[in-house]
Amino acid sequence: LDNGNNLASKLEKGSEMFLCPITKDIMIDPVICEDGHTYEKFAIERWLESRITSPKTNQQLLSRTLIPNHALRSAIESWNNSIEQVRVFNDTLK
C-alpha cells in the first residue's frame, strides 16, 4: 500500500509541467500562443481580450492566433488516468 501511495505522490509531483502559467492550474484545453508557450485556452483568451503581450515574457505578440496543443492534452489525460488507476488500486487494497 505504501508503494501505491508513493507512486501516486510521485505522479502528482510531476504535474508542474501541466500547469497553466496564468491560472497555475492543470490545463484541460491547452493551446499554444504565438510566443511558443502553452496556456489554458480560456485563460489566454481572457488575457488577449485586453492585451497583445505574452503573459510569460511581456513581449509584444504579432498574432492572437491560438493552436490546440494536442500532444500536451493527451499527456495530461494519460497522467490523469494513471493517477486514477493508482487510486483505484490502492482502494482495492484497503
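Everything quoted here is computed from the prediction, not taken from an experiment. (Residues numbered from 1 in each chain as written. Predicted model: local features only at pLDDT ≥ 70, side-chain atom pairs only at ≥ 80, totals over all residues. Heavy atoms only, no water.)

(A) Focus on the sheet that holds strand 3 (residues 67-68). Judged by pairing direction, the sheet is antiparallel, and its 3 strands sit side by side in the order 2-1-3 without closing on themselves. A strand with exactly one partner marks an edge of an open sheet, and here the two such strands are strand 2 (38-40) and strand 3. In this sheet, strand 2 lies alongside strand 1 (residues 30-32) in antiparallel orientation, the contact comprising 3 bridges. Considered in strand 2, the bridge of Pro-30 is made with Glu-40. Packing of helix 2 (residues 41-50) onto the sheet brings it into contact with strand 1 and strand 2, and relative to strand 2 it is tilted by some 95°. (Pairing = 2+ DSSP bridges. Helix = DSSP H or I, 4+ residues; strand = E, 2+ residues; numbered from the N terminus. Contact = heavy atoms within 4.5 Å. Axes fitted to C-alpha atoms, helices over the stretch in contact; angles between N-to-C directions.)

(B) Main features of the pattern of salt bridges. Applying the stated criterion to the full structure yields 2 salt bridges. The partner of Asp-29 in a salt bridge is Arg-73, and the shortest N-O contact between them spans 3.3 Å. Of this pair, Asp-29 sits in the loop between helix 1 (2-13) and strand 1 while Arg-73 sits in helix 3 (residues 70-93); the two residues are 44 residues apart in sequence, bridging distant segments of the chain. With a relative accessible area of 25%, Asp-29 lands in the partly exposed category. Arg-73 serves as the salt-bridge partner of Glu-77, at 3.5 Å between the closest nitrogen and oxygen. Taken together, the residues span about one helical turn, with Glu-77 and Arg-73 both in helix 3 at a distance of 4 residues. (Salt bridge = Lys/Arg side-chain N within 4 Å of Asp/Glu carboxyl O. Buried < 20%, exposed > 50% of the residue type's maximum accessible area, 1.4 Å probe, protein only.)

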